[in-house]
Amino acid sequence: MTESCYRLGEIAAELGAELRGDPDTIIHGVATLQAATAGQITFLANPSYGRYLKDTRASAVIVSPSAAGDSPTNVLLLDNPYLGYARLSHWFDPAPRPQPGVHPSAVVDPSARVSETASVGPHAVIEAEAEIGDHVVVGAGTIIGARCRIGSRTVLRPRVTLAHDIVVGQRCHILSGAVIGSDGFGFANEKGAWHRIAQIGKVVLGDDVEVGANTTIDRGALEDTVIGNGVKLDNLIQIAHNVTIGDHSAMAAMVGIAGSTRIGRHCVFGGASGVAGHLEIADQVQLTGMTLVTGDIREPGVYSSGTSADKNRQWRKNAVRFRQLDAMARKLKELEKKSEG
Amino acid sequence: MTESCYRLGEIAAELGAELRGDPDTIIHGVATLQAATAGQITFLANPSYGRYLKDTRASAVIVSPSAAGDSPTNVLLLDNPYLGYARLSHWFDPAPRPQPGVHPSAVVDPSARVSETASVGPHAVIEAEAEIGDHVVVGAGTIIGARCRIGSRTVLRPRVTLAHDIVVGQRCHILSGAVIGSDGFGFANEKGAWHRIAQIGKVVLGDDVEVGANTTIDRGALEDTVIGNGVKLDNLIQIAHNVTIGDHSAMAAMVGIAGSTRIGRHCVFGGASGVAGHLEIADQVQLTGMTLVTGDIREPGVYSSGTSADKNRQWRKNAVRFRQLDAMARKLKELEKKSEG
Amino acid sequence: MTESCYRLGEIAAELGAELRGDPDTIIHGVATLQAATAGQITFLANPSYGRYLKDTRASAVIVSPSAAGDSPTNVLLLDNPYLGYARLSHWFDPAPRPQPGVHPSAVVDPSARVSETASVGPHAVIEAEAEIGDHVVVGAGTIIGARCRIGSRTVLRPRVTLAHDIVVGQRCHILSGAVIGSDGFGFANEKGAWHRIAQIGKVVLGDDVEVGANTTIDRGALEDTVIGNGVKLDNLIQIAHNVTIGDHSAMAAMVGIAGSTRIGRHCVFGGASGVAGHLEIADQVQLTGMTLVTGDIREPGVYSSGTSADKNRQWRKNAVRFRQLDAMARKLKELEKKSEG
C-alpha cells in the first residue's frame, strides 16, 4: 500500500482555501487534531475541540478564519472546515481502486451492456439487458438483475444484490449486503391464510444516493419505491414498498419506514427510529433515536418518543406506574375539583 | 421484456369471478384505481378508496358486489377483491422466470440430488447430500449447506445462505440476504469469559413460508427452531434459537424474537416489535409497532407498549416526568388520603 | 452423516469431571434433560429444571455436586455444569469440517498469503496482500478485502464480507452475511446537501470474537473501530465507526451502537437496545431489551428504559396521558401547596 503525498499549496488550491504558511509543506495523511503528527493535515470543525488546537502536532490545520488564531502550524482557512476535510479525505483513502474491465470469473449475460470503463469484480453476476454506466464499479459477488440501469460513477461494493428492473442514478454508493428490489411484504388474507401478491413495481434511486450495509429497499407493489437525489441511508435500514423519500434526507442505522409512507426532503432520522405505513412526513423533520411515528407530521421540527435509560431499580417503579397513568390522571382531576369546590 | 395479455373473460374464469361487461376486453397490466389506464385492470378492496372508483380509467375493476355500483367500466365481482388481485398479480409479474438446469458456474457437490426441473443460478453452491426438489429455484450466489432438503416449487432468491441440515417445505419464498441456520447465540460464562456452545439443532420451515431480505433464523441449540406453515416474515427479522412460530403468523420488518420463545398461530406482529426469551405467546396475538413483550401473553388480542412521537420540546418535559412517576403516584395517594381524612 | 461415539470415562477425563457411574457407558449424543434418551448425555445447569432430573432417560448427566442427589443415572460432577455442556457440545456438532485447501472456483490474488492448513471454500475471493492464518476457514462466497489479516483458527462462515485492511484475531467466528469494514456514515453538509467523508480507519477485532449473521461493523473515519477480546455480537447488530467495545462484552441481536461511543468491559446488552453516539459506558453495564441510552453511564449496574406490552385498550389511555405528564406534575405540585397551605 503506497502512500499519497501532496504539497500543501496544491491542497489549498484544490479546496479553494486561503493558505497561511508554507505551500511546500509535504502532507501524506489526515488525522484528528489530537492524533495528527508531522506530515499530516487535520481540521477543526466542532468548536468543543478548539482547546486541542494549540497543542496539535499536525503540519497543517483546516480551520475557519475565526478559530485560526491559536494554530501553532500552517492553516488552510475555509468557512466550512468540515466540508474541506470531507473533500480532502478522499485523497488519502487507502481503499483499492478497481481497474476497468470484467473479471474472468464474473458471469455477464451477453445481452447486458457494460461500459468499457466499468469494473466488474470476481464472481459478480450481471443479468440480461442490464446497463452498467461509465466508471461504474461492480464489487466481487455483486448481483445485478435483469434490465437494471446503473448510472455512471456509481459504486456497488462487494456482495450487493439488485433484483430485476432497478434504476440507480449517478455517483451512488451501495454498500455490501444491501438488497435493493426485494419483494414488498404484501399478502391477501383468506380464511386466515396469507396469499402473496406479486410485487410489480420497481425501485428508483436518484443521483448521489448512499445505501448502507445490509440495508433493504423493497420494490413497489404496483407503483415504484422512490429514493430521491442525495438521500443517505445508513446500515440495516428497512424501506418498505411504495415508500418515497425526498431529496437529501438522511437516516441513521436501523431506521424502518413502513409501506407507502412519503418522507419529505432534508429530513434527518436518528438511529432505530420508525415510521408507520401510509403516512406523510413533511420536509425538514428530525426524529431523535428510537422515535416511533404513528401519525402524519405536517410541520418541520424535531420529534421524539419513548424514554431513555435509568437505573433498573428506579425504572421498574416508574414503568409500573405508566400502566396506572390514566387512573392517576383521573384521580388528579377529582382532587382538583374537590380542592376548588 | 414482453408484456402479458389476457382476455377479460379468461381472467374472470380463472378467478371464479362473475363478469359484468365485455369478455373480449384485452388486459395487459394491473394498476391502482387512480393510476390505471386503458388496457389495465384494477381493484377496489379498501372502502376508503371507493370515491376513486367512478373516475377510474381502467378497463376492468375487481370489486365486491356491494361496491360495484359506481364502476364506469367492466367489473369482476368477488367477495374478496384483494385476494382476486393477489392471484391475478402474478400473471403480470415482470420478474424473469429461471429456466431449469444448473448454471455451469454453480458448484454442486456430486452427492447432492438436484431435480432435473430445478433451476440453479450462477455461482450458487450446493453442498454434500443436499436435496433440491422439483421446480425449485436456487438464485445466483445462493449457498445451500450439506444435507439441506428443499421442498418442491420453493424459490430461493439470489444470495441466500442456508447452513447445513436445514429443512425447507414446499412453495417457500426466501429473499436475498436471508441467513437460515446461523448459530444460535449460546455461551457459557466462566470467570467473565464466554465459551461458545455448539448449536446442534436444525431449522425446520413448513410449507408456504416467506422469509424476507436479510432476515436471520438461528438453528436450535439442541432442539430445532421451527417455523410453521404459511408463516410470513418480512425483512431484517431476527428469530433466535429454539423459537417456534405457529402456522400462518405474520411479522413485519425488524421484529426480534429471543431464544426459546413460542409464538402461537395467526399472530400478527408490527414492525420492530420484540419478544423476550423463554415466553409463550397465545394464538391470534397482535402487537403494534415497536412493542416490547417481556411476559407471557395468554389471551388473543392487540397489545402495545411505548409512546409515539411528539414535538421534542413537549416530549422532553414529559420524558423527564416519567422518571418521577413513582414519586408522583405516591404524592397523589397522600393527597387523596388527606382529602378523604 | 456419521455419528460420534465416546466412552463416558473419556468424556469425564476431558472435562475434568468426577464420574459416578460406569465409565464404559457409550455416549453418542447430547440432548436436554427432558428429551434425552438412552445413549445421550444431558446436563442440569438451571435449578428450575431440577424437577426433571429424576425422570431423565439420559445415560449420563453433567450436574453440580449439590444437585446430583436425584439423578437416576450416571453423573459427571462439575461446579459449572453449563460450561461442561458448552465444551462437550462441540464433540457432537454435526457441522461439516472443511478440509484444508483452496477450492478451484475461489479467486485468490497471487499476492495474498494463505496458510496451507487453511480452507478456502467455493467462490470465495481473497484480495491482494491478504494474510490468512493457520487452520482458518473461509466459507463459500466469503470475500476478504485487500491487506486483511485473519488470525489462526478463525472461522468465516459462507458469504461474509470483509472490506480492505481489516484485522481479525485468533479463534474468531464470523457468521454468514456479516459485513466488517463497511464505510462509516460520515457526511459534511453544505447548503442542505451531504458530502461523503472517506472512511480511512480500519476495524480491529481481538481474539475469540463472535460476529453474528448480517451484523455490520463500520470502519473508522480516521481512527479504528475496535472490538475487544472475547466480545460476542449476535445477529443484525450495528456497530458504527470509531466505536470501541471492551473485552468480554456481549450484545444480543439488533443492538445498535452509534459512532464514537466507547463501551466498557464485561457489559451485557439486551436485544434491540441502543446507545447514542459519543458516549462512555462503564464496565459491567447491563441493558435490558430495547433500552435506549442517551447519556454516559459511569457506574456498573442494570439500566432500562421504555415500557412493556399492555392490552392495547389500556395502553392507549395511558399513552395519551404520557403527553400530559408534565401538566399533571405541575397540577400535583399546586395541589400539594394548597393542601400544605
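Every value quoted in this text rests on a predicted model; they were computed, and no experiment measured them. (Residues numbered from 1 in each chain as written. Chains lettered and ligands numbered in written order. Predicted model: local features only at pLDDT ≥ 70, side-chain atom pairs only at ≥ 80, totals over all residues. Heavy atoms only, no water.)

### Digging into the overall build of chain A
Line of reasoning, step 1. Looking only at helices and strands, one finds four helices and 40 strands in chain A.
Line of reasoning, step 2. Here the C-alpha atoms of chain A give a radius of gyration of 26 Å, more than 25% beyond the 20 Å that 2.2 N^0.38 yields for 341 residues.
Line of reasoning, step 3. Taking the principal axes of the C-alpha coordinates as reference, chain A spans close to 85 × 65 × 35 Å.
Line of reasoning, step 4. Taking all 341 residues of chain A together, 59% fall into the buried category.
Line of reasoning, step 5. Sequence-distant contacts, at least 24 apart, represent 17% of the contacts inside chain A between residues at least 6 apart. (Helix = DSSP H or I, 4+ residues; strand = E, 2+ residues; numbered from the N terminus. Rg over C-alpha atoms; globule rule 2.2 N^0.38 Å. Buried < 20%, exposed > 50% of the residue type's maximum accessible area, 1.4 Å probe, protein only. Contact = heavy atoms within 4.5 Å.)

### Let's talk about the interface of chain C and chain A
Line of reasoning, step 1. Counting from both sides, the interface comprises 81 residues of chain C and, opposite them, 75 residues of chain A.
Line of reasoning, step 2. Between chain C and chain A, the buried area comes to about 6,100 Å², and carbon and sulfur atoms account for 63% of it.
Line of reasoning, step 3. Among the residues chain C hides against chain A, the three largest losses belong to F185(C), W194(C) and L222(C). Together they make up 11% of the total.
Line of reasoning, step 4. Scanning the region where chain C abuts chain A turns up seven salt bridges.
Line of reasoning, step 5. Along the contact surface separating chain C from chain A lie 35 residue pairs in polar contact (both at pLDDT 80 or more).
Line of reasoning, step 6. For the side of chain C that touches chain A, the elements supplying multiple residues, two or more each, are β21 (179-182), β22 (187-190), β23 (193-196), β26 (216-218), β38 (292-293), β39 (301-304), α3 (312-322) and α4 (325-340) of chain C.
Line of reasoning, step 7. Across two bridges, the pairing between strand β40 (residues 310-311) of chain A and β39(C) is antiparallel. In the sheet register, K311(A) faces β39(C), and the bridge partner there is Y303(C). (Buried area = accessible area lost by both parts, 1.4 Å probe. Salt bridge = Lys/Arg side-chain N within 4 Å of Asp/Glu carboxyl O. Polar contact = N/O pair within 3.5 Å; in protein donor to acceptor, adjacent residues only side chain to side chain. Pairing = 2+ DSSP bridges.)

### Side note on the sheet that holds strand β10 (residues 113-114) of chain B
Residues and elements named next belong to chain B.
Line of reasoning, step 1. Reading across from one edge, β10-β13-β16-β19-β24-β27-β30-β33-β36 is the order of the nine strands in this open sheet, with parallel pairing throughout. Because the sheet does not close on itself, it has two edges, and the strands there are β10 and β36 (280-281).
Line of reasoning, step 2. In this structure, strand β33 (residues 262-263) lies alongside β36, joined through two bridges in parallel fashion. When the sheet's bridge partners are listed, I263 is paired in β36 with I281.

### Comments concerning the interface of chain C and chain B
Line of reasoning, step 1. Contact with chain C, which involves 74 residues of that partner, is made by 81 residues of chain B.
Line of reasoning, step 2. Between chain C and chain B, the buried area comes to about 6,100 Å², and carbon and sulfur atoms account for 63% of it.
Line of reasoning, step 3. Together, R159(C), F322(C) and R323(C) form the three largest contributors to the area buried by chain C at its contact with chain B, with a combined 11%.
Line of reasoning, step 4. Inspection of the chain C/chain B interface yields seven salt bridges.

### Side note on the relation of the copies chain C and chain B
The operation linking the two copies of the chain is a rotation about an axis combined with a translation along the axis.
Line of reasoning, step 1. Aligned on chain B, chain C shows an RMSD of 0.0 Å; the corresponding rotation is 120° and the shift along the axis is 0.0 Å. These values place the two chain copies in the arrangement generated by a three-fold rotation axis. Using C-alpha coordinates, one finds that chain C approaches the rotation axis most closely at G306(C), a distance of 3.4 Å. (Least-squares fit on C-alpha atoms with pLDDT ≥ 70 in both.)

### Details of the environment of C5(A)
Residue and element names in this part refer to chain A.
Line of reasoning, step 1. Secondary-structure assignment places C5 in the segment before β1 (6-7).
Line of reasoning, step 2. For C5, a relative accessible area of 48% puts it in the partly exposed group.
Line of reasoning, step 3. Residues C5 and K54, 49 residues apart in the sequence, show an inter-C-alpha distance of 25 Å.
Line of reasoning, step 4. If near-sequence neighbours (up to four positions away) are discounted, C5 is found in contact with I26, I27 and H28.

### Some thoughts on the UniProt feature "active site" (unreviewed entry) in chain A
Residues and elements named next belong to chain A.
Line of reasoning, step 1. Residues given the UniProt feature "active site" (unreviewed entry) here are H241.
Line of reasoning, step 2. Structurally, H241 can be placed in the loop between β29 (238-239) and β30 (244-245).
Line of reasoning, step 3. A relative accessible area of 13% means that H241 is categorised as buried. (UniProt positions renumbered as here; feature names shortened; annotations may be inferred.)

### Let's talk about empty space enclosed by the protein
Line of reasoning, step 1. Per the counting criterion, the structure on display carries four cavities of 30 Å³ or more.
Line of reasoning, step 2. Its boundaries defined by the atoms lining it, the largest cavity holds a volume of some 150 Å³.
Line of reasoning, step 3. In terms of lining, the largest cavity is formed by 16 residues, of which the most central are G141(A), H123(B), G141(B), H123(C) and G141(C).
Line of reasoning, step 4. Looking at side-chain class alone, the lining of the largest cavity contains seven nonpolar, six polar and three charged residues. (1 Å grid on protein atoms, 1.4 Å probe; cavity = no way out; pocket = protein on both sides within 12 Å on 5 of 7 lines; lining within 4 Å. Points joined across faces, edges and corners; volume = space filled by probe spheres on them. Nonpolar A, V, L, I, M, F, W, Y, C, P; charged D, E, K, R; others polar.)

### Quick word on the domain arrangement of chain A
Line of reasoning, step 1. Each assigned domain of chain A is listed here: domain 1 (6-92), domain 2 (160-303) and domain 3 (312-341).
Line of reasoning, step 2. One C-alpha centre belongs to domain 1 of chain A, the other to domain 2 of chain A, and the line joining them spans 37 Å. (Domains from an automatic or database assignment.)

### Considerations on the packing of aromatic side chains
All names here are of chain A.
Line of reasoning, step 1. The tally for this structure, following the rule as stated, stands at 24 aromatic pairs over all chains.
Line of reasoning, step 2. When the ring of Y82 is compared with that of Y85, the centres are 5.7 Å apart and the planes differ by 50°; the resulting orientation is tilted. Of this pair, Y82 and Y85 both sit in helix α2 (residues 81-89), three residues apart, which is roughly one turn of that helix.
Line of reasoning, step 3. Taking relative accessible area as the criterion, Y82 reaches 31% and is therefore assigned partly exposed.
Line of reasoning, step 4. With a relative accessible area of 3%, Y85 lands in the buried category.
Line of reasoning, step 5. Chaining the aromatic ring pairs together yields one cluster made of Y6, W91 and F92. (Phe/Tyr/Trp six-rings, centres within 6.5 Å; stacked < 30°, edge-to-face > 60°.)

### Let's talk about the environment of P110(C)
Residues and elements named next belong to chain C.
Line of reasoning, step 1. Along the chain, the position of P110 falls in the loop between β9 (107-108) and β10 (113-114).
Line of reasoning, step 2. For P110, a relative accessible area of 79% gives the class exposed.
Line of reasoning, step 3. In this structure the C-alpha to C-alpha distance between P110 and A130, which are 20 residues apart in sequence, comes to 9.8 Å.

### Considering the sheet that holds strand β31 (residues 250-251) of chain B
Strands in a sheet are paired, the pairing made by backbone hydrogen bonds, and the direction either parallel or antiparallel.
Line of reasoning, step 1. The mixed open sheet is built from 12 strands, whose spatial order is β8(B)-β11(B)-β14(B)-β17(B)-β20(B)-β25(B)-β28(B)-β31(B)-β34(B)-β37(B)-β39(B)-β40(C). The strands lining the two open edges of the sheet, one partner per strand, are β8 (101-102) of chain B together with β40 (310-311) of chain C.
Line of reasoning, step 2. As paired elements, strand β28 (residues 232-233) of chain B and β31(B) share two bridges and run parallel to each other. Bridging across to β31(B), L233(B) finds its partner in M251(B).

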